[in-house]
Amino acid sequence: MHELALCQGVVDVLREQAEVHHFDRVMTVRLEIGALSCVSAEAIEFCFAAVARGTLADGCRLELSRIPGEAFCLDCSDTVAISERHDACPRCAGHRLQLLRGDEMRIRDLEVA
Ligand SMILES: [Zn+2]
């Protein structure tokens, strides 16, 4: 499952951060999920709890926020908001869009102890 791999990646990052910054418990993880990423928040919550079990993030709080998709339209030469990967440009209805962000999941910040 896609979400399982993503959560494993998050826990790996937490472990690396713990070594660099010398903390041994993660209390809260805030994640941003791009609107175009096809990631299900419910699946993330479920997978994260499973992956974090027995690690420094066991039982930590998970806060998820959605970030909108953004693309650059080659026809308008402007940045526009999109909600689906294959949306047309909301200004000119063109399809020559380059995705800038919104298809990723990333850690926004952490609370650690
Ligand atoms: Zn356009």
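Here's what I pulled together on the structure shown here. Predicted, not measured: the structure shown is a model, and the values here were computed from it.

**Brief notes about the sheet that holds strand 6 (residues 105–112)**
Thought 1: Ordered by their spatial adjacency, three strands build an open sheet running 2-1-6, and the pairing between neighbours is mixed. A strand with exactly one partner marks an edge of an open sheet, and here the two such strands are strand 2 (61–67) and strand 6. Along the sheet, successive strands turn relative to each other by an average axial angle of 20 degrees, direction set aside.
Thought 2: Across the sheet, helix 1 (residues 2–21) touches strand 1 (26–34) and strand 6, and the angle it forms with strand 6 is around 40 degrees.
Thought 3: Across the face of the sheet, helix 2 (residues 41–52) comes into contact with strand 1, strand 2 and strand 6 while running at roughly 155 degrees to strand 2.

**A look at the environment of Leu31**
Thought 1: Inspection of the secondary structure puts Leu31 in strand 1.
Thought 2: Its relative accessible area of 1% is what places Leu31 among the buried residues.
Thought 3: Distance from Leu31 to Cys92, taken between C-alpha atoms, is 33 Å for residues 61 residues apart in sequence.
Thought 4: Ignoring any residue separated from it by four or fewer positions in sequence, one finds Leu31 in contact with Val10, Ile44, Leu62, Glu63, Leu64, Ser65, Met105, Arg106, Ile107 and Arg108.

Rules of the game
- Residues numbered from 1 in each chain as written.
- Predicted model: local features only at pLDDT ≥ 70, side-chain atom pairs only at ≥ 80, totals over all residues.
- Heavy atoms only, no water.
- Pairing = 2+ DSSP bridges.
- Helix = DSSP H or I, 4+ residues; strand = E, 2+ residues; numbered from the N terminus.
- Axes fitted to C-alpha atoms, helices over the stretch in contact; angles between N-to-C directions.
- Contact = heavy atoms within 4.5 Å.
- Buried < 20%, exposed > 50% of the residue type's maximum accessible area, 1.4 Å probe, protein only.

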